[in-house]
Amino acid sequence: MVVAMADGTLDDSEGNTLKQWVIKEIEHHGKEKQKVLKKLYNDAMREAYIEAREGELTLSDLTYRLNEIGDKTTKYEAIELCMEVMAADGVADASELNIIKKIAQSLGLDMDEVEKLRDQKIIGLNADVTDHASIEEILDIDPNLSIDQIKKRLRTEFQKWNNRLNTLPEGEERQNAQLMLDRIADARKKYG
C-alpha cells in the first residue's frame, strides 16, 4: 500500500495487483481459513489505505516489523510485490522507485538483486517510463556522486542494457531497452 499510494493515489490497477496477491496467498488454504485470511488481509489493506491517505502510514514501522518476523525469502517476496504494484499502471513513478529503494535498504536486502528485479519490471513497462522519473532515479544514480563515479555507473548501465537489447526479440521490451540506452546516452551528455 505504501508503494501504491506513493504518488498520492491508489490506481485501480495497483488495487487489482494487491487483490490478486491476496487471492494467490489464500488460495491454497481450506475454505474456513480462506475466509479468516481474506478478512484479515482486507481489513489490513483498508486500514493501510486510510493511514496512507491521511499521511499516517509509517514505512519505518512496517519494515521494522517485517525485519522482526520475516526471513530473507519473505523480504524478497515483499519487494517483488512492491515492484508489481509499481509496474501495475505501466509506468515507473519516481516516488514509487524511491520508496522501493528505501524499503529494500531497510530490509537489508542485496541491492544488486533488488536492481535486477527492478530492471525486469522496467523493461516490461510502457515506453514513457522515463517521462515519470528521471534517468537518475531509474538508474539509481545519486547526483551527489562525483562525475567519475556517475560515468562509471553509466558505463555499467550501458553495458547491461546493450547486452539485453541484443538478446531480446523484436517488440516492446526491445524498444524499452533501446529507450534506456537512449536515456543513458542523454545522461552521458549531461555528465560530460
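Before reading further, recall that the structure is shown in the block above.
Presented here is a report on the structure given in the accompanying data block. What you are looking at is a predicted structure, and each value in this text was computed from that prediction instead of being measured.

**Here's the deal with helix α9 (residues 147-167)**
- Look at α9: 30 Å from first C-alpha to last across 21 residues, which is about the 30 Å you get at 1.5 Å a residue.
- Among the residues making up α9, those that are buried are I150, R153, L154, E157, K160, W161 and L165. An end-on view of α9 places all buried positions within 140° of arc, on one side of the element. Away from the buried face of α9 by more than 90 degrees, exposed residues D148, K152, Q159, N166 and T167 are located.
- For α9, the elements touching its buried residues are α6 (111-123) and α10 (172-190).

**Some thoughts on helix α3 (residues 59-69)**
- Burial in α3 covers these residues: L59, T63 and L66. Angularly, the buried residues of α3 cover 60° about the axis, an arc narrow enough to put them on a single face. Turned more than 90 degrees away from the buried face of α3, the exposed residues are D61, Y64 and I69.
- Residues of α3 that are buried make contact with α4 (72-87) and α5 (94-106).

**Some points on the packing of aromatic side chains**
- Tallied over the entire structure, the rule returns one aromatic pair.
- Between W21 and Y41 the ring centres are 5.4 Å apart and the planes differ by 75°, which places this aromatic pair in the edge-to-face class. Of this pair, W21 sits in helix α1 (residues 12-26) while Y41 sits in helix α2 (residues 31-53), placing them 20 residues apart in sequence.
- On the basis of relative accessibility, which here comes to 22%, the residue Y41 falls in the partly exposed class.

**As for the layout of surface pockets**
- The computed volume of the largest pocket comes to approximately 1,300 Å³.
- Every element with two or more residues in the lining of the largest pocket is listed here: α1, α2, α3, α4 and α6.
- When residues of the lining of the largest pocket are assigned to their parent elements, the largest contribution, nine residues, is made by α4.
- The residue makeup of the lining of the largest pocket, split by class, is 22 nonpolar, five polar and nine charged.

**A few points about the side chain of K75**
- With respect to the helices and strands, K75 occurs in helix α4.
- For the buried K75, no salt bridge exists, and the shortest N-O distance to an oppositely charged side chain is 7.9 Å, to D71.
- Here N67 takes part through its side chain, which lies 2.9 Å from a polar atom of the side chain of K75.
- Non-local contacts of K75, meaning those with residues more than four positions away in its chain, are made with L66, N67, G70, L107 and L109.

The rules behind the values
- Residues numbered from 1 in each chain as written.
- Predicted model: local features only at pLDDT ≥ 70, side-chain atom pairs only at ≥ 80, totals over all residues.
- Heavy atoms only, no water.
- Helix = DSSP H or I, 4+ residues; strand = E, 2+ residues; numbered from the N terminus.
- Expected span 1.5 Å × (residues − 1).
- Buried < 20%, exposed > 50% of the residue type's maximum accessible area, 1.4 Å probe, protein only.
- Arc of directions from axis to C-beta.
- Contact = heavy atoms within 4.5 Å.
- Phe/Tyr/Trp six-rings, centres within 6.5 Å; stacked < 30°, edge-to-face > 60°.
- 1 Å grid on protein atoms, 1.4 Å probe; cavity = no way out; pocket = protein on both sides within 12 Å on 5 of 7 lines; lining within 4 Å.
- Points joined across faces, edges and corners; volume = space filled by probe spheres on them.
- Nonpolar A, V, L, I, M, F, W, Y, C, P; charged D, E, K, R; others polar.
- Lys, Arg positive; Asp, Glu negative; His and termini not counted.
- Salt bridge = Lys/Arg side-chain N within 4 Å of Asp/Glu carboxyl O.
- Polar contact = N/O pair within 3.5 Å; in protein donor to acceptor, adjacent residues only side chain to side chain.

All quantities given are derived from atomic positions and should not be read as evidence of function.
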